[in-house]
Amino acid sequence: MTRLLALACMVPLLVGCGSRNGTPPDRADRSESGREATDRALRTAADAGMEMTGIDLYVHRKNPLTGVAQSPKLWIHADQFSLRDSQTYAFESARAVVYGKREEDRLIVMEAGRGVFEQDRKADLSGGVVVTAGTLVLRTEAATWEQVDPPESEQVRVDTPLTIDDPRLVLAAGSARLYPERKEFELRDARGTIRFGEGT
C-alpha cells in the first residue's frame, strides 16, 4: 500500500498503512477507519482545489504472506502538489527514486518538472525528465513507472525521443525500457556511438 507523508499541508493527511508489526487495527468500536478518514479528507481537499507544498509519496513492497508493507520500491518527493481526487496527485518539481530489494539500493533516480501519481498504480513524469541509472544518464520529456506483477517485470517506460550519455556511449533513441530489478535497459530506433578499448 502506498504510504503518504505530507509536510506543511493545509489539510491533515492520515497514513492508512496499519501498524508496523502487521497487526490489523481494532475497528470494532470505531465508526470510521483511518483509511476512510484519510480518503474523506483528501476528497474534501480535492473538491476545494487545494494546492499544497512538500509531499513524499511511496509505493512499498509487501510481504507475500502477510501483505504488510515493507521497504519502499518507489519514492517521490515534490515541492508542490494538488489533488485531482483521493487517489491521484498532480505534482511539480519532483525527484523520484526506484529502489532495489534493499532501501540503500537506489537503482534509478529521476528528476522532472511535473507529474501525476496514481496511488498503488503508477507515476507519470514529464517536463525535462532526467533519468540516472548507474553511470547512465538519460534525458527525455516523459517517463512512466508502473507497478506490475511479478516485480521483475516492473519497468521505467520512455516513449518519447531520448538521448543517453555514458562514459562509454552516446546514443539517441525513439523509446526505451529500463528494468530496475534486472538492471537492464532496452532501446528502440537507436543510433549513436559506443566507445571501446578504453579502460578494462
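Residues numbered from 1 in each chain as written. Predicted model: local features only at pLDDT ≥ 70, side-chain atom pairs only at ≥ 80, totals over all residues. Heavy atoms only, no water.

(A) How the structure looks around the pattern of salt bridges. Under the defined criterion, the tally for this structure stands at 12 salt bridges. Its salt-bridge partner being Arg157, residue Asp159 comes within 3.4 Å of it at the nearest N-O pair. Each of Glu118, Arg121, Glu146, Arg157, Asp159 and Arg177 takes part in salt bridges that share partners, so that together they form one network. (Salt bridge = Lys/Arg side-chain N within 4 Å of Asp/Glu carboxyl O.)

(B) Spatial organisation of the packing of aromatic side chains. Under the definition given, this model contains 1 aromatic pair. A ring pair is formed by Tyr89 and Phe117, whose centres lie 6.0 Å apart and whose planes are at 45 degrees; its orientation type is tilted. Here Tyr89, found in strand S4 (residues 88–99), pairs with Phe117, found in strand S5 (residues 106–118); they are 28 residues apart in sequence, far enough to count as distant. Accessibility classification places Tyr89 together with Phe117 in one group, the buried group. Over the ring of Tyr179 we find Arg182; its NZ or CZ atom is 4.1 Å from the centre of that ring. (Phe/Tyr/Trp six-rings, centres within 6.5 Å; stacked < 30°, edge-to-face > 60°. Helix = DSSP H or I, 4+ residues; strand = E, 2+ residues; numbered from the N terminus. Buried < 20%, exposed > 50% of the residue type's maximum accessible area, 1.4 Å probe, protein only. Lys NZ or Arg CZ within 6 Å of the ring centre and 35° of its normal.)

(C) Unusual backbone geometry, seen in detail. Look at the link from Asp149 to Pro150: it is a cis peptide, with omega at 5 degrees. One can find Pro150 in the loop between strand S7 (136–146) and strand S8 (155–158). The backbone of Ser93 sits at a positive phi, close to 50 degrees, despite the residue not being glycine. Looking at the secondary structure, you find Ser93 in strand S4. Judged by relative accessible area, which is 38%, Ser93 ranks as partly exposed. You will see that Asp189, though not glycine, has its phi angle at about 55 degrees, which is positive. Looking at the element boundaries, Asp189 is found in the loop between strand S12 (184–188) and strand S13 (191–194).

(D) Structural detail: the confidence of the model for the protein. Mean pLDDT over the protein works out to 78, with 73% of the residues at or above the 70 mark. The low-confidence segment residues 1–32 (pLDDT under 50) makes 56 contacts with residues lying over four places distant or belonging to another chain. (pLDDT = per-residue confidence, 0-100. Contact = heavy atoms within 4.5 Å.)

(E) Geometry of the environment of Arg177. In this fold, Arg177 is placed in strand S11 (residues 175–179). Between the C-alpha atom of Arg177 and that of Thr144, which follows or precedes it by 33 residues, the distance is 9.8 Å. Here the side chain of Arg177 touches Val158 through a polar contact of 3.3 Å, landing on its backbone oxygen. (Polar contact = N/O pair within 3.5 Å; in protein donor to acceptor, adjacent residues only side chain to side chain.)

(F) Highlighting the side chain of Asp56. By secondary structure assignment, the location of Asp56 is in strand S2 (residues 51–62). It is Arg95 that comes nearest to the buried, bridge-free Asp56 among opposite-charge side chains, at 9.4 Å. Within the local environment of Asp56, its side chain forms a polar contact with the side chain of His77, the two groups lying 3.0 Å apart. (Lys, Arg positive; Asp, Glu negative; His and termini not counted.)

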